[in-house]
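Take a look at the letters that make up each chain.
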Amino acid sequence: MPEPIIKLKDLEITYNPGKANEYKATQGVSMEIYPGEFVAFFGPSGCGKSTIFYCILGVLPPSAGELYVMGQNPYSFSPEEMVNFQTNTIGIIYQAFFLINSISVIDNVVLPQIFHGVAPGKRRRWAKELLKRFDMEKYGEKFPDNLSGGQSQRVSVSRSMVNNPKILLADEPTGNLDSVSTKQVMESLAEINRVDKKTVIIITHNAAQLSYAHRVFYMKDGLLERIVPNPEKKQIAKVDKQKILVTEMDKLAKIYPYETPTRLKVKSLVNYLTQDIDFDQILRLEDFIELMVERKICKEEFIGLLSKRYHEGGLGLFPADARNMADKVEKVLKQSEDARRFRRRFMNNNFFSREDILVQRLTKFVAEEHGKELDAIQKKRLKELVYKRVAGLVSSNEFENALRLPILEGGVSISRLRARRLTLHFEKILIQGTETKGNEH
Ligand code: ADP
């Protein structure tokens, strides 16, 4: 068992100590990371991931506790030793790339070598090789502002490797990238770990990326909550065999990464009581539905995937159930188009006569879901309510309550159960009708 390459013991970092705005960002964090490991720091925004990261990098001294990188405390280094440490031992990749736009791509890559007295010709050859490796060779003489996000990040991956560091720190390296570029960058990091045997630490809050890591360090509120080894990777660190066992808990931790172990056990039981499909199927179903939401497959293809046997890559549903599910998805997606159109106009204050048609159509969808004939006054009230909800003037609770209220009290006078079902259906339409741009919602 090798010595840890990074070791933290009861690490505590307090911002603005002694001041009114003093803030303890991490407390009692202990961890050991081994040479050649790929680890992920994972947790919600503000839990202290970057704080630990910058502490390891040597720019944020611990307020208490100990930090060792390759057996040494970086905060005991002289200024020259620190520069050497930050350029030779550690390579960094930032979410925002931090490339210099006024110099060429290749010059960006060689930049960290300039302080090393490496001959210019040699520097450029090495940089070229790296660019080639990350599929950016033909962009060497271009300027960074001509590159896409994914290309820029591949340049920064090349730059981070130019001094052949032992450790690569990547702070949300794919935070600004689309899914294709994300995959390329993650694959590059995985290759650097696997082939070059570098220790890779990434900060992420994307659960899909956890599968690249040997171990995931779950953080919450400045604490290291738990360390979970990835059962699909051969472990480098010594881990409890028990923990390697793939249980539903591990799967659940991937689906609900921010939940406590108790809440995961609760979810497991709730799934058992309420669902006919298990978590593996849910994950697969999510992939299939994503294809539908992004309009990449048609309804018949969706039905095909749902009814294909599980071990052949499908969901294993009976054909009738598959069709029923596909009908529901198709209906919500179709109906959500009008909600999307309405919201777009509403946001741009761009109302013309068609606004009323959209509300009328949305009202019709809700009324259809109701299944019973509504009288004129109920229809009028429903339409008003639909308008208010889609315009964001009432909450879903208020919408549901107003559906239930008697006519005399200004409601639509629909039974409690139906009001619940209609509200649920309408909320699904509204969610699907929300504009999505990149990762934002
Ligand atoms: P994460 O990377 O998990 O999003 P951070 O490590 O950036 O979290 O931040 C942890 C906590 O410390 C947050 O509540 C943040 O507001 C606070 N924090 C981060 N940097 C500073 C700073 N320079 N001064 C004061 N508080 C800070």
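Residues numbered from 1 in each chain as written. Predicted model: local features only at pLDDT ≥ 70, side-chain atom pairs only at ≥ 80, totals over all residues.

Digging into the site of the ligand
Inspection of the region around the ligand gives Tyr15, Asn16, Tyr23, Ala25, Gly43, Ser45, Gly46, Cys47, Gly48, Lys49, Ser50 and Thr51 as its neighbouring residues. Looking at the shell around the ligand, the elements with two or more residues in it are β2 (23-33) and α1 (49-56). The element that contributes the greatest number of residues to the shell around the ligand is α1, accounting for three residues. Looking at the shell around the ligand residue by residue, the class counts come to four nonpolar, seven polar and one charged. (Near = placed C-beta within 6 Å. Helix = DSSP H or I, 4+ residues; strand = E, 2+ residues; numbered from the N terminus. Nonpolar A, V, L, I, M, F, W, Y, C, P; charged D, E, K, R; others polar.)

A closer look at helix α6 (residues 179-194)
Between the first and last C-alpha of α6 there are 22 Å, a value that for 16 residues agrees with the 22 Å anticipated at 1.5 Å per step. Buried residues of α6: Thr182, Val185, Met186, Ser188, Leu189, Ile192 and Asn193, and no others. Mapping the buried residues of α6 onto a view down its axis gives an arc of 155°, with all of them on the same face. Turned more than 90 degrees from where α6 packs its buried face, Ser179, Val180, Glu187 and Arg194 sit exposed. (Expected span 1.5 Å × (residues − 1). Buried ≥ 20, exposed ≤ 12 C-beta atoms within 10 Å, placed from the backbone. Arc of directions from axis to C-beta.)

Remarks on unusual backbone geometry
Positive phi outside glycine occurs at Phe98, with the angle close to 50°. Of note in this structure, Lys197 is not a glycine but carries a positive phi near 60°. Relative to the helices and strands, Lys197 resides in the loop between α6 and β7 (199-204).

So, the packing of helix α5 (residues 149-161) against α6
As a packed pair, α5 and α6 sit with axes 9 Å apart at the nearest point and diverge in direction by 15°. Considering their axes alone, α5 and α6 lie roughly parallel with respect to each other. Note on packing geometry: the crossing formed by α5 with α6 is right-handed. Between α5, through Gly149, Gly150, Gln153, Arg154, Val157 and Met161, and α6, the contact on the second element is made entirely by Val180, Ser181, Gln184, Val185, Ser188 and Ile192. The class makeup of the residues in the contact of α5 with α6 is five nonpolar, six polar and one charged. (Axes fitted to C-alpha atoms, helices over the stretch in contact; angles between N-to-C directions. Parallel < 35°, antiparallel > 145°, perpendicular 65-115°, else oblique. Left-handed = near helix turned anticlockwise from the far one by under 90°. Contact = placed C-beta atoms within 7 Å.)

Some points on the sheet that holds strand β5 (residues 90-94)
The pairing of strands in a sheet happens through backbone hydrogen bonds and is either parallel or antiparallel. Ordered by their spatial adjacency, six strands build an open sheet running β5-β6-β7-β3-β8-β9, and the pairing between neighbours is mixed. Bordering the open sheet on either side are β5 and β9 (223-229), each of which pairs with just one other strand. The mean angle between the axes of side-by-side strands here comes to 15°, regardless of whether they run parallel or antiparallel. Pairing of β5 with strand β6 (residues 167-171), which is carried by five bridges, proceeds in the parallel orientation. Looking across to β6, one finds that Ile93 is bridged to Ala170. (Pairing = 2+ DSSP bridges.)

Re the sheet that holds β2
Strand order in the open sheet made by the three strands is β2-β1-β4, with antiparallel pairing throughout. The open sheet has two edge strands, β2 and β4 (64-69), and neither has a second partner. Between one strand axis and the next, the sheet turns through 25° on average, direction left out of account. Here five bridges tie strand β1 (residues 6-15) to β4, and the two strands are oriented antiparallel to one another. Looking at the pairing, Ile6 lines up with Val69 of β4.

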